[in-house]
Amino acid sequence: MRDPYVPVSCALHSALELAALQHKSVVLQMRDGSQMKGQILDVWTADGREWLKLRNAHQEQIIDLTLIDHLQESPLHEH
């Protein structure tokens, strides 16, 4: 049985959308302690969940927003 889906906070969702609109490079701090760096291309809802597309120098990834703890602007490679 799957855990019940709990959407991310409105504040985090808004910050992710703003970063996507402003084409800023960000560092995503993940709930597991890892980091993901890149540019957020899009934030959307599908299949009852919230997602984002992150692009870095090597690839594009689709990430479930519930895996993100918080974000910060990347000090490098500002667009």
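Residues numbered from 1 in each chain as written. Predicted model: local features only at pLDDT ≥ 70, side-chain atom pairs only at ≥ 80, totals over all residues. Heavy atoms only, no water.

Under the annotation held in an unreviewed UniProt entry, the protein carries the name Transcriptional antiterminator, Rof and is attributed to Acidithiobacillus thiooxidans ATCC 19377.

On to the pairing of strand β1 (residues 25–30), then. Within a regular strand, the side chains alternate between the two sheet faces. Taking burial as the measure, the six residues of β1 include six buried ones, the bulk of the element. Burial along β1 is two-sided: Ser25, Val27 and Gln29 and Val26, Leu28 and Met30, pointing in opposite directions, are all buried. By the bridge criterion, five bridges tie β1 to strand β2 (residues 35–46) in an arrangement that is antiparallel. By the bridge assignment for β2, Gln29 is matched with Gln35. (Buried < 20%, exposed > 50% of the residue type's maximum accessible area, 1.4 Å probe, protein only. Helix = DSSP H or I, 4+ residues; strand = E, 2+ residues; numbered from the N terminus. Pairing = 2+ DSSP bridges.)

An order of β4-β3-β2-β1-β5 is seen for the five strands of this open sheet, with the pairing classed as antiparallel. Looking at strand neighbours, the two that pair on one side only are β4 (60–64) and β5 (68–73), the edges of this open sheet. If you compare each strand with its neighbour and ignore which way they point, the axes differ by 45° on average. This element, helix α1 (residues 10–22), spans β1, β2, β3 (49–55) and β5 of the sheet and lies at about 105° to β2. (Axes fitted to C-alpha atoms, helices over the stretch in contact; angles between N-to-C directions. Contact = heavy atoms within 4.5 Å.)

Grouped together as the largest cluster of nonpolar side chains are 17 residues, with contacts concentrated most on Leu16, Leu28, Ile40, Leu52, Leu54, Ile63 and Ile68. Secondary-structure elements contributing two or more residues to this core are α1, β1, β2, β3 and β5. The element contributing the most residues to this core is α1, with four residues. (Core = buried A, V, L, I, M, F, W, Y, C linked by side-chain atoms within 4.5 Å.)

Next up on the list: the pattern of salt bridges. Summed over the entire model, instances satisfying the criterion amount to four salt bridges. We note a salt bridge from Arg31 to Asp69, for which the minimum N-O separation is 3.7 Å. With Arg31 in the loop between β1 and β2 and Asp69 in strand β5, the pair connects residues that are 38 residues apart, well separated along the chain. Judged by its relative accessible area of 55%, Arg31 is exposed. The residue Lys53 makes a salt bridge to Glu60 at a minimum N-O spacing of 3.8 Å. The class of Lys53 is partly exposed, set by a relative accessible area of 26%. Judged by its relative accessible area of 45%, Glu60 falls in the partly exposed class. (Salt bridge = Lys/Arg side-chain N within 4 Å of Asp/Glu carboxyl O.)

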